[in-house]
Amino acid sequence: MTPAPFGRVLTAMATAFHEDGSVDLDGTARIAAHLVDHGHDGVVVSGTTGESPTTSVAEDGEILRAVKDAVGGRASVVAGVGTNATAHSVELATQAEKLGADGLLLVTPYYNKPGQAGVLNHFRQVVAATDVPVMLYDVPGRTATTIELPTYETVAEWDTVVAVKDAVGDFPRGVLLSELGYAVYSGDDVANLGWLAHGAVGFVSVVGHAAGDQLRAMVDAWSAGDAAEALRVFTALLPAIDAVMGVANYGATTAKAALQLLEVLDNRRVRSPLVPLDEDEYAALRTSLMTAGLLPA
């Protein structure tokens, strides 16, 4: 397989909160340790699943520091720095560099809907602000903007941009991105196996909060040439993928509920405008994780 600059199995991890809404750094570090203990090569902090639209620059720095302290000797720690304000993203990127981030996750500016010239200008300024390796994040379902191939062709010439987290699901385009020199990561759990078949190096997952060992088994089987075993593992995970990604406000809400079910956290608190899973949703998630073999029956 193509070299994976941040490892093969990563999860965009949740951020824990205290009852008063402040960041629970001990709980967040506990999440990171749980992930690394269960098959992960790395974690991504302060992404959408980490509720980054609701956290301050100072909080993002505290989260990154706590996670680096917890797992930095055992796994790569990638800091989400993508926002819809270039100056804000530059501030987050320079802070992440000072705190020792192993990589930066840079999403297309959301809501503003810039054209490709604006996307390229945004990327150029943030990338130029540090020497930290960068993973672009292409998720038009959240940003309303897709990174077009000519933009990728230009950015491929920048030495520190090394990877793409793809949640577009255009597999043939992903092959072209690999040919341009990007390490492609699946950014959509339901497409994980399909991405491996199209040359991806690994995953940036959400279901990995509960299924890290299984994701590791899948990528290892694929790497060993055992496509049948990779398919078996992926098929077994489908109930969990559907449950984690099927709730209307999926991501942080389902990840934290899964962590509560696994007793990594003792709560499933999120920040508004998200709301935690209600009891029916929580029970349905439990059933699905049990069906997938991720919780004891």
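These numbers were taken from a predicted model, which means no experiment stands behind them. Within any chain, residue numbers begin from 1 and follow the written order of that chain's sequence. Residue-level local features of this predicted model are given only where pLDDT is at least 70; pairs of side-chain atoms are given and counted only at 80 or more, and the full residue set underlies all totals for whole chains, interfaces and linings. Water and hydrogen atoms were dropped before computing side-chain values, which therefore reflect all heavy atoms in the structure.

Enquirer: Account for the UniProt feature "active site" (unreviewed entry) in the protein chain, naming residues and giving values.
Expert: UniProt positions are given in the numbering used here, feature names are shortened, and annotations may be inferred rather than shown by experiment. In the numbering adopted here, UniProt assigns the feature "active site" (unreviewed entry) to Tyr137 and Lys165. Spanning 29 residues, the named residues form one tight spatial group whose C-alpha atoms are at most 4.7 Å apart. Each helix corresponds to a stretch of at least 4 residues labelled H or I by DSSP, and each strand to a stretch of at least 2 residues labelled E; elements are numbered beginning at the N terminus. Topologically, Tyr137 is positioned in strand 5 (residues 134–138). Note on definitions: a residue-residue contact is assigned when non-hydrogen atoms from the two residues lie within 4.5 Å. Here Tyr137 is in contact with Leu105, Leu106, Val107, Thr108, Ile147, Lys165 and Ala167, once residues within four sequence places are set aside.

Enquirer: Could you give an account of the packing of helix 2 (residues 57–71) against helix 3 (residues 86–98), naming the residues involved and the relevant values?
Expert: In this analysis, axes come from line fits to C-alpha atoms, helices being fitted only over the stretch in contact, and the angle between any two N-to-C directions falls in the range 0 to 180 degrees. Where helix 2 meets helix 3, the axes come as close as 10 Å, and the angle between the chain directions of the two elements is 30 degrees. Viewed along their axes, helix 2 and helix 3 adopt a mutual orientation that is roughly parallel. Where helix 2 crosses over helix 3, the handedness of that crossing is right-handed. The segment helix 2 lies against helix 3, with Val57, Asp60, Gly61 and Leu64 engaging His88, Glu91, Leu92, Gln95 and Ala96. When the residues that make up the contact of helix 2 with helix 3 are grouped by side-chain class, the tally is four nonpolar, three polar and two charged. An angle below 35 degrees is treated as roughly parallel, one above 145 as roughly antiparallel, one from 65 to 115 as roughly perpendicular, and anything else as oblique. Two helices that cross are described as forming a left-handed crossing if the nearer one is turned anticlockwise from the farther one by less than a right angle, and a right-handed crossing if clockwise. Charged residues are taken to be Asp, Glu, Lys and Arg, nonpolar residues to be Ala, Val, Leu, Ile, Met, Phe, Trp, Tyr, Cys and Pro, and polar residues to be all remaining types, Gly included.

Enquirer: So what's going on with unusual backbone geometry? Residues and values would help.
Expert: Generally, phi is negative for residues other than glycine and the peptide bonds are trans, each holding for most cases. Cis geometry marks the peptide bond from Ser272 to Pro273; its omega dihedral reads 20 degrees. Inspection of the secondary structure assignment puts Pro273 in the loop between helix 11 (252–261) and helix 12 (279–291). Positive phi is not limited to glycine here, since Ala144 has a value of about 70 degrees. Examined against the element boundaries, Ala144 turns out to sit in the loop between helix 5 (140–143) and helix 6 (149–155). Accessible area is worked out with a 1.4 Å probe on protein chains only. A residue is then buried under 20% of its type maximum, exposed over 50%, and partly exposed in between. For Ala144, a relative accessible area of 47% corresponds to the partly exposed category. A positive phi angle, near 65 degrees, is found at Glu263, a position not held by glycine. Position of Glu263 relative to the elements: it lies in the loop between helix 11 and helix 12.

Enquirer: Provide a residue-level description of the side chain of Lys256, including the pertinent values.
Expert: Relative to the assigned elements, Lys256 resides in helix 11. When sequence neighbours within four positions are dropped, the list of residues in contact with Lys256 reads Ala14, Thr15, Ala16, Phe17, Glu51, Leu265, Asn267, Arg268, Arg269 and Val270.

Enquirer: Give a detailed account of the environment of Ala70, specifying residues and quantitative values.
Expert: Summarising the element assignment, Ala70 is placed in helix 2. Considered as a pair, Ala70 and Asp60 are ten residues apart in the sequence and their alpha carbons are 15 Å apart.

Enquirer: How would you sum up the pairing of strand 8 (residues 202–205)? Please name residues and give values.
Expert: Going residue by residue along strand 8, you find Gly202 and Val204 tucked away on one face and Phe203 and Ser205 tucked away on the opposite face as well. As judged from the three bridges shared by strand 1 (residues 9–12) and strand 8, these two strands associate in the parallel manner. Bridging across to strand 8, Leu10 finds its partner in Val204. Looking at chain direction, strand 7 (residues 183–186) and strand 8 are connected through two bridges and run parallel. Within strand 8, the position partnered with Ser186 by the bridge is Phe203. For the handedness criterion, the β-α-β arrangement of strand 7, helix 8 (residues 192–197) and strand 8 is classed as right-handed. One bridge is not enough; two strands pair if DSSP finds at least two bridges between them. Assignment of crossover handedness uses the view with strands pointing away from the viewer, where a clockwise path from the first strand over the helix to the second indicates a right-handed crossover.

Enquirer: Give me the lowdown on helix 1 (residues 25–37), citing residues and values where you can.
Expert: Each residue after the first adds 1.5 Å to the expected span of a helix. In this model, helix 1 (13 residues) spans 18 Å end to end at C-alpha, consistent with the 18 Å of a helix rising 1.5 Å per residue. Where helix 1 is concerned, the buried positions are Gly27, Thr28, Ala29, Ile31, Ala32, His34, Leu35 and Val36. Check the buried side of helix 1 and you find it contacts strand 1, strand 2 (42–45), helix 2, helix 9 (208–223) and helix 11. Capping the start of helix 1 is the job of one residue whose side-chain oxygen sits 3.3 Å from the backbone nitrogen of Asp26: Asp24. Gly39 occupies a position one or two residues after helix 1 and carries a positive phi of about 90 degrees. As used in this structure description, the phrase polar contact means that two N or O atoms lie within 3.5 Å; if the pair is within protein, one of them must be able to donate a hydrogen and the other to accept it, and residues adjacent in sequence are counted only when both atoms belong to side chains.

Enquirer: Lay out the UniProt feature "binding site: pyruvate" (unreviewed entry) in the protein chain in plain terms, naming residues and giving numbers.
Expert: When the UniProt feature table is mapped to this numbering, "binding site: pyruvate" (unreviewed entry) covers Thr49 and Val204. Over a stretch of 156 residues, the named residues converge on one spot in the fold, their C-alpha atoms separated by at most 11.1 Å. Tracing the backbone shows Thr49 in the loop between strand 2 and helix 2. Setting aside anything within four residues of it in sequence, one finds Thr49 in contact with Ala12, Met13, Ala14, Thr15, Val206, His209, Gly251, Ala252 and Ala255. Structurally, Val204 can be placed in strand 8.

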